[in-house]
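Structural features, examined
The chain contents come next:
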Amino acid sequence: MNILYLDDEPRMESTLRRLVQRQGHGFEFCASIKACKTAVAANAPDLLLLDLGLGQESGLDVIDWLADEQIPLPVVFLSGYGDDLLDTAQRIAKSRGVEIRGLVSKALLASDLMPLLDPPPVGPPHRLPSASPGAADASRIRLDAAMLAERIDAGGVEPAFQPIVSLLDGRPCGVEVLARLRLADGSLMNAVDFIPLAEATGLMTPMTKALLRRVIALKERLRPLDLNFLAVNLSRVTLERNEVNDLLQPLVTELKDCCRVIVEVTETEVCHDRRLLQTAGAQIQLLGASLAIDDFGTGYASLRDLAEFPVHTLKIDTSFVSEMFDSMKAMTVLLAIIGLGQRLGLKMIAEGVETEAQRDLLFSAGLEFAQGYLFGRPGELAAIERMVAASRLSADATDPFDACALEA
Ligand code: C2E
Ligand code: CA
Ligand code: CA
């Protein structure tokens, strides 16, 4: 199947290309409606992945064009705006006779998009030809459950640390721990390439245990960093099996004099099951950790959930940040989320901050914390250590209060 992807910004291109090509499909990217028209005329794609927010243009213009020209090209809508807008766009397309194959939230790319494409080719796990022969390219390795279990046993699960900074002074106040898998050839695999398999094959508990053990082993290096918090992710499957205590107790106990533990649970994973969110939230709190709703804005957590459940932090989904300059509506929703969180007394972290313009606007909107490539990519703890050291140096050099403290 040949897939054409139209988006005004190329941020998702490499992720999508990898996902789609891994399934054996062709992939082409274009950044404007004009380029899209040329690509459709030249290559006759089988499916159009269409972003709804196209800067000055709109994905709905593309629907109009397909309808006017009677081009029988099925469309999958891609949007970071959330389900309401996707639903409305689908209704408009239907009324114009354009076939909509599905609706995919950018935040749920892998899990939502893949079932809409052909099933993956069957056969034994194999390595696809690498772009650069000899170079370890973990994303191209087809992992299976046996291989994943072997890697977990062999100590291949490694933590990557991403800084979370205070927008007030740029100081790193916390870190998020993200799982990585070291393969036998030494290459490192990203979470998105093995977490879904771990979830589907019952390997999430051993994977998470192995990851948290590695974090605990670093506690002597974490302590001097004086971080306010360390955030870990828990998947729905481990919440369901009630493994919260087993998984978290050692971490919370070992890091007691080091930093607070925040447990991130993705909004879409818990919002259909209020009981799950309630019991997991209570357990997490009883252990002395705090609950954060991850990818907030992409699921259906109701205002009542936020008010009633022991939620401590909202992590505002990347899609709101990446699209906040695309339209007034996107901006309005973002500001409304920030206002709501503030009124409910929640801590808020904006995810996926990549530019200074995004950072500045979030700060002026009253947001406290941010995470994203602008401040640091996920990596080794040494990078966080360097960042903390640098921020202490600059605080010593500029903070007049330090001088006052010396005089007192
Ligand atoms: P997440 O929890 O929302 O993690 C943030 C993801 O966004 C990370 O991808 C991170 O590398 C990426 N990211 C951070 N800043 C930026 C930015 O400025 N721009 C862009 N484009 N991306 C940014 P990663 O590490 O590949 O993780 C993907 C997802 O896998 C995570 O999304 C999380 O849902 C899941 N995951 C990772 N580690 C674990 C884990 O230990 N347990 C569980 N249950 N899930 C995990
Ligand atoms: Ca997370
Ligand atoms: Ca997130």
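Structure: see above.
Keep in mind the model is a prediction, meaning the values are calculated, not measured. Going along each chain's sequence as written, the residues are numbered from 1 onward. In the order they appear in the text, chains get letters beginning with A and ligands get numbers beginning with 1. Owing to the predicted nature of the model, reporting of local features is limited to residues with pLDDT of at least 70; listing and counting of side-chain atom pairs is limited to 80 or more, with chain, interface and lining totals taken over all residues. In computing side-chain properties, one takes all heavy atoms of the structure into account and sets aside hydrogens as well as water.

**Section: the coordination of the calcium ion (ligand 3)**
Operational definition: Only nitrogen, oxygen and sulfur atoms count as donors, using a 2.8 Å cut-off from the metal that widens to 3.2 Å for Na, K and Ca. Water is left out, so coordination shells may look unfilled. Exposure categories follow from relative accessible area, calculated using a 1.4 Å probe and restricted to protein chains: below 20% of the type maximum is buried, above 50% is exposed, and the middle band is partly exposed.
Summarising the metal site, the calcium ion (ligand 3) is bound by the protein donors Asp294 (OD), Asp295 (OD), Glu351 (OE) and Glu351 (OE), whose distances to it range over 2.2 to 2.5 Å. Ordering the donors of the calcium ion (ligand 3) by residue number gives the pattern D-D-x55-E. Between the two metals, the calcium ion (ligand 3) and the calcium ion (ligand 2), the spacing is 4.1 Å, and Asp294 donates to both. Neither Asp294 nor Asp295 differs from the other in exposure class; each is buried.

**Notes on the site of ligand 1**
Stated formally: Put simply, a residue is near a molecule or strand once any heavy atom of it comes within 4 Å of that molecule or strand. Residues adjacent in sequence count toward polar contacts only when both atoms are side-chain atoms; beyond that, a polar contact is any pair of N or O atoms within 3.5 Å, and within protein one must be able to donate a hydrogen and the other to accept it. Strands here are runs of E lasting at least two residues and helices are runs of H or I lasting at least four, both read from the DSSP assignment and numbered beginning at the N terminus.
Near ligand 1 there are 23 residues, and of these Gln162, Arg180, Asp294, Glu354 and Tyr373 occur at the shortest range. Interatomic distance of 2.8 Å between a backbone N/O atom of Tyr373 and an oxygen atom of ligand 1. When contributions to the shell around ligand 1 are tallied by element, the ones reaching two or more residues are strand 9 (172-182), helix 7 (191-200), helix 8 (204-216) and strand 13 (290-296). For the shell around ligand 1, the leading source of residues is strand 9, giving four residues.

**Notes on the pairing of strand 6 (residues 75-79)**
Using the following cut-off: A pair of strands counts as paired when DSSP detects no fewer than two bridges linking them.
In terms of residue burial, strand 6 counts as a mostly covered element, since five of its five residues are buried. Residues Val75, Phe77 and Ser79 of strand 6 are buried on one face, and the alternating residues Val76 and Leu78, pointing to the opposite face, are buried as well. Summarising the sheet, strand 3 (residues 47-51) and strand 6 pair through four bridges and their orientation is parallel. Residue Leu48 lies in a different strand from strand 6, and its bridge partner there is Val75.

**Describing the pattern of salt bridges**
To keep it simple, the criterion reads: Note on definitions: salt bridges are taken to be side-chain nitrogens of Lys or Arg within 4 Å of carboxyl oxygens of Asp or Glu.
Under the counting rule described, the total for this entry stands at 19 salt bridges. One salt bridge connects Asp68 with Arg96, and the closest N-O pair in it is separated by 3.1 Å. Here Asp68, found in helix 3 (residues 59-69), pairs with Arg96, found in the loop between helix 4 (83-95) and strand 7 (100-105); they are 28 residues apart in sequence, far enough to count as distant. You can call Asp68 exposed: its relative accessible area is 55%. Three or more residues joined by partner-sharing salt bridges are found here, namely Glu176, Glu264, Lys315 and Glu351.

**As for the coordination of the calcium ion (ligand 2)**
Those protein atoms acting as donors to the calcium ion (ligand 2) are Glu176 (OE), Asn233 (OD1), Glu264 (OE) and Asp294 (OD), and they sit at 2.1 to 2.3 Å. Of note, the donors binding the calcium ion (ligand 2) are all from one chain and are spaced E-x56-N-x30-E-x29-D. Taking relative accessible area as the criterion, Asn233 reaches 28% and is therefore assigned partly exposed.

**What to know about the packing of aromatic side chains**
What counts is decided by this rule: Paired rings are identified among Phe, Tyr and Trp, the last through its six-membered ring, by centres lying within 6.5 Å, and are further divided according to the angle between planes into stacked (under 30 degrees), edge-to-face (over 60) and tilted (the rest).
The full count for this structure, using the stated rule, is three aromatic pairs. Between Tyr5 and Phe27 the ring centres are 6.1 Å apart and the planes differ by 45°, which places this aromatic pair in the tilted class. Of this pair, Tyr5 sits in strand 1 (residues 2-6) while Phe27 sits in strand 2 (residues 26-30), placing them 22 residues apart in sequence. In this structure, Tyr5 and Phe27 share a single accessibility class: buried. Centre to centre, the rings of Tyr5 and Phe29 are 5.3 Å apart; their planes meet at 55°, and the pair counts as tilted. A residue pair is termed long-range when its members are at least 10 positions apart, and Tyr5 in strand 1 and Phe29 in strand 2 qualify at 24 residues.

**Brief notes about the pairing of strand 2**
Here is the rule we go by: Call a crossover right-handed when, viewed with both strands pointing away from you, the route from the first strand across the helix to the second goes clockwise.
By the bridge criterion, five bridges tie strand 1 to strand 2 in an arrangement that is parallel. Residue pairing across strands places Leu4 opposite Glu28, the latter belonging to strand 2. Read as a crossover between parallel neighbours, the route from strand 1 over helix 1 (residues 13-22) to strand 2 is right-handed.

**A word on the nonpolar core**
Definition in use: Buried residues of nine kinds, namely Ala, Val, Leu, Ile, Met, Phe, Trp, Tyr and Cys, make up a nonpolar core once their side-chain atoms join them within 4.5 Å.
Phe194, Leu222, Leu230, Val232, Leu251, Val263 and Leu362 are the most contacted members of the largest nonpolar core, which has 79 residues in total. Broken down by element, this core gets its largest block of residues, seven residues, from helix 8. In this structure, Cys30, Val40, Leu73 and Leu86 belong to the second largest nonpolar core, which totals 24 residues.

**Details of unusual backbone geometry**
One non-glycine residue, Gln70, adopts positive backbone phi at about 55°. Tracing the chain through its elements places Gln70 in the loop between helix 3 and strand 6. The residue Asp226 is not glycine, and still its phi comes out positive at about 55°. With respect to the helices and strands, Asp226 occurs in the loop between helix 9 (219-222) and strand 11 (229-233).

**Points about helix 16 (residues 328-343)**
As a reminder, the rule being used: Expected helix span is taken as 1.5 Å per residue step, with the number of steps being one fewer than the number of residues. Here, residues are in contact when the closest pair of their heavy atoms is within 4.5 Å.
An ideal rise of 1.5 Å per residue puts 22 Å on 16 residues; helix 16 measures up with 22 Å between its terminal C-alpha atoms. Those residues of helix 16 that fall on the buried side of the exposure criterion are Ala330, Met331, Leu334, Ile337, Ile338, Gly339 and Gly341. Structurally, helix 16 contributes buried residues whose contacts are with strand 13, strand 14 (311-316), helix 15 (318-322), strand 15 (347-350) and helix 17 (356-364). Looking at the residues trailing helix 16, positive phi occurs at Gly345, about 75°.

**Observations concerning the environment of Gly352**
In this fold, Gly352 is placed in the loop between strand 15 and helix 17. C-alpha separation for the pair Gly352 and Asp317, spaced 35 residues apart in sequence, amounts to 7.6 Å. If sequence neighbours within four positions are ignored, Gly352 has contacts with Thr318, Val321, Gln358, Gln371 and Gly372.

**Examining helix 13 (residues 274-286)**
We apply this condition: Note: the arc covers the axis-to-C-beta directions of the helix.
A rise of 1.5 Å per residue sets the reference length of helix 13, with its 13 residues, at 18 Å; its end C-alpha atoms lie 18 Å apart and thus fit the reference within 8%. Restricting attention to buried positions, one finds in helix 13 the residues Leu276, Leu277, Ala280, Gly281, Gln283 and Ile284. Looking straight down helix 13, one finds that the buried residues subtend no more than 165° of arc, so they occupy a single side. Positive backbone phi, at 95°, marks Gly288, one or two positions downstream of helix 13.

Read these as layout, nothing more, since geometry by itself doesn't imply function.
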